[in-house]
Amino acid sequence: TGLLVAVGRGDPVPTAALEELRRWWGVDTLLATYTLYPGIGVLVAAGCSDTAVAWVDEVVGLCDRHWGTEAQAVVRIAALLAEAAADAAPTLDGHARDRLLATVDRLAARARARLALPATARAPAPGTETVAWARRLDAELLRRAVSLGEPVDPGGYVDAWSAAVAAFESHRNVAESAYCATRLALALVATGRRADAERVAAQARPVAQRLGMRPVLALLDGVTGPSSARPGPSPQLTRREREVLDRLVLGRTNGEIAAELFISTKTASVHVSNILAKLGAATRGEAAAIARRHA
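Each value, and the rule that gives it
- Within each chain, residues carry numbers counting from 1 in the order of the written sequence.
- In keeping with the predicted nature of the model, local features appear solely for residues at pLDDT of at least 70, side-chain atom pairs appear and are counted solely at 80 or more, and the whole-chain, interface and lining totals rest on all residues.
- As a rule here, side-chain values come from all non-hydrogen atoms in the structure, and water together with hydrogens is ignored.
- Numbered from the N terminus, helices here are DSSP runs of H or I no shorter than four residues, and strands are runs of E no shorter than two.
- Computation of the radius of gyration draws on C-alpha atoms, with the globule rule given as 2.2 Å multiplied by the number of residues to the power 0.38.
- Buried residues are those whose accessible area, probed at 1.4 Å on protein chains only, stays under 20% of the maximum for their type, while exposed residues exceed 50% and partly exposed ones sit between those limits.
- Any two residues whose heavy atoms approach within 4.5 Å at even a single point are treated as in contact.
- Only the protein chains shown count as covering a residue, and every accessible area follows the Shrake-Rupley method with a 1.4 Å probe.
- For this count, His and the chain ends are skipped, Lys and Arg are scored as positive, and Asp and Glu as negative.
- Charged groups are reduced to one reference atom each: NZ for lysine, CZ for arginine, CG for aspartic acid, CD for glutamic acid.
- The working definition used for a salt bridge is a side-chain nitrogen of Lys or Arg within 4 Å of a carboxyl oxygen of Asp or Glu.
- By this rule the span expected of a helix is its residue count minus one, scaled by 1.5 Å.
- Pairs of N or O atoms are called polar contacts if they sit within 3.5 Å, as long as, within protein, a hydrogen donor faces a hydrogen acceptor (for residues adjacent in sequence, only side-chain-to-side-chain pairs).
- Lines fitted to the C-alpha atoms define the axes, with helices restricted to the stretch that makes contact. Angles between their N-to-C directions range from 0 to 180 degrees.
- By the definition adopted for this analysis, an angle is roughly parallel if under 35 degrees, roughly antiparallel if over 145, roughly perpendicular if from 65 to 115, and oblique otherwise.
- The handedness criterion is simple: a crossing whose near helix is rotated anticlockwise from the far helix by less than a right angle is left-handed, and one whose near helix is rotated clockwise is right-handed.
- Classification convention: Asp, Glu, Lys, Arg as charged; Ala, Val, Leu, Ile, Met, Phe, Trp, Tyr, Cys, Pro as nonpolar; all other residues, Gly among them, as polar.
- Side-chain rings of Phe, Tyr and Trp, where Trp is taken by its six-membered ring, are said to pair if the distance between their centres is within 6.5 Å; with planes under 30 degrees apart they count as stacked, over 60 as edge-to-face, and otherwise as tilted.
- Any Lys NZ or Arg CZ that is within 6 Å of a ring centre and within 35 degrees of that ring's normal is treated as a charge sitting over the ring.

1. Let's talk about the overall build of the protein chain
Part 1: Helix and strand content of the protein chain: 15 helices and zero strands.
Part 2: Over its C-alpha trace the protein chain gives a radius of gyration of 19 Å, about what one expects of a compact globule, namely 19 Å for 295 residues.
Part 3: With the C-alpha coordinates of the protein chain rotated into their principal frame, the extents come out at 60 × 40 × 35 Å.
Part 4: Sorting the 295 residues of the protein chain into buried and exposed places 47% on the buried side.
Part 5: For the protein chain, the proportion of contacts with a sequence separation of at least 24, taken over those separated by at least 6, is 64%.
Part 6: Of the roughly 13400 Å² of accessible surface on the protein chain, a fraction of 56% belongs to carbon and sulfur atoms.
Part 7: The average position of the 35 basic charges and that of the 31 acidic charges among the side chains of the protein chain differ by 3 Å.

The structure is reproduced here in structure tokens:
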């Protein structure tokens, strides 16, 4: 639980600490799952996506052996791996990205199959927690598609995050509700609904501040800006997004950006949309102005 809190607050978690806990996985499957939950994001962010996938397979295997293949933990694991994939996939090389995405898809299929099972004494109906993670899995899969430049229905994207917020509120998990509300606000910005985005963000920010959720607060700054100033090119921009932003400052079109970075025009467009959302900018020109002020 301490690891979950540390990751939620954005505190550094060395992979060595995870490795130390891993020594005990064989005797405590619950410890294994609660090491993996925060460990997925830590490992993928550290550039160890192959290790994250291996650990996921190991823990899912432990759950299968000790709790049965009907265990609901796979739903949460799938959602967290989908989150990590949405964050990291655009910057990973081909092999690592393909392996990560394939594992997400395989676990998502297992999660959906588990949710569709009829309730039995061995496999009871999913509770509010599992349903909430299932809704977040749906939303993270769409966010992964957006991050990779794949076509996504804007209304469906917003609806998916709205459903995740409602599900975690029903489960009374305020931290996850705040995270999902922040993602909902970013989705609203991306679809041009800035007033709605700012309303949702205003409700999420006090919770994130009270819980010390610095990563969530950084994302919220991309919607409304920090309390005292408009945001600049903040740390949540990926390397590729910074490269795109540098070219926005020079007035490049999406086609010109695509040609210079050897990516498709559609991918360049997605990067531009993500940059506008993260910087809280309504237009390309505003994003360029923010970048110049903070250069």
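2. Examining the environment of Ala-79
Part 1: Here Ala-79 shows up in helix H5 (residues 73-88).
Part 2: With 108 residues separating them in the primary sequence, Ala-79 and Ala-187 have C-alpha atoms 18 Å apart.

3. Some points on unusual backbone geometry
Part 1: Backbone geometry places Arg-172, a non-glycine residue, at a positive phi of 65°.
Part 2: Checked against the element boundaries, Arg-172 lands in the loop between helix H8 (154-171) and helix H9 (174-190).

4. Looking at the pattern of salt bridges
Part 1: Counted under the stated rule, the structure contains 24 salt bridges.
Part 2: Here Asp-221 ties to Arg-205 by a salt bridge, and the two come within 3.1 Å at their closest N and O atoms. Linking Asp-221 in helix H11 (residues 214-224) with Arg-205 in helix H10 (residues 194-211), this pair joins segments that are 16 residues apart in sequence. Arg-205 carries the same exposure label as Asp-221, and that label is buried.
Part 3: Among the charged side chains, a network of salt bridges with common partners joins Glu-83, Asp-87, Arg-136, Glu-140, Arg-143, Glu-176 and Arg-183.

5. Section: H8
Part 1: A rise of 1.5 Å per residue sets the reference length of H8, with its 18 residues, at 26 Å; its end C-alpha atoms lie 26 Å apart and thus fit the reference within 8%.
Part 2: Buried positions along H8 lie against helix H7 (128-147) and H9.
Part 3: Positive phi appears at Arg-172, one or two residues downstream of H8, with a value of about 65°.

6. So, the side chain of Arg-114
Part 1: Take Arg-114: it is sitting in helix H6 (residues 94-116).
Part 2: The charged side chain of Arg-114 is buried without a salt bridge, its nearest counter-charge being Glu-70 at 6.6 Å.
Part 3: Within polar-contact distance, the side chain of Arg-114 engages the backbone oxygen of Pro-124 at 2.8 Å.
Part 4: Ignoring anything within four residues of it in the chain, the contact list for Arg-114 reads Glu-70, Ala-71, Gln-72, Ala-123, Pro-124 and Pro-126.

7. Quick look at H6
Part 1: The end-to-end C-alpha distance of H6, which contains 23 residues, comes to 33 Å, matching closely the 33 Å that a straight helix rising 1.5 Å per residue would cover.
Part 2: Three or more residues of H6 are buried, namely Ala-96, Leu-100, Leu-101, Thr-103, Val-104, Leu-107, Ala-108, Ala-111 and Arg-114.
Part 3: Turning to H6, the residues buried within the fold contact helix H4 (49-67), H5 and H7.

8. Re the packing of H7 against H9
Part 1: Two numbers describe how H7 lies on H9: the axes approach to 12 Å, and their chain directions differ by 30°. One way to sum up the angle between H7 and H9 is to call them roughly parallel. The handedness of the crossing between H7 and H9 comes out as left-handed. Within the contact between the two elements, H7 uses Trp-133, Arg-136, Glu-140 and Arg-143 and H9 uses Glu-176, Tyr-179, Cys-180 and Arg-183.
Part 2: Counted by class, the contact of H7 with H9 contains three nonpolar, no polar and five charged residues.

9. Digging into the packing of aromatic side chains
Part 1: A complete count under the given rule lists four aromatic pairs for this structure.
Part 2: For the ring pair Tyr-34 and Tyr-37, a centre distance of 5.1 Å and an interplane angle of 70° mean the geometry is edge-to-face. A residue pair is termed a helical-turn pair when its members lie 3 or 4 positions apart in one helix, as Tyr-34 and Tyr-37 do in helix H3 (residues 29-45) at three residues.
Part 3: Stacked on the ring of Trp-25, the Lys or Arg Arg-22 has its end atom at 5.7 Å from the ring centre.
Part 4: The cationic tip of Arg-76 hangs over the ring face of Tyr-37; the distance from NZ or CZ to the ring centre is 3.9 Å.

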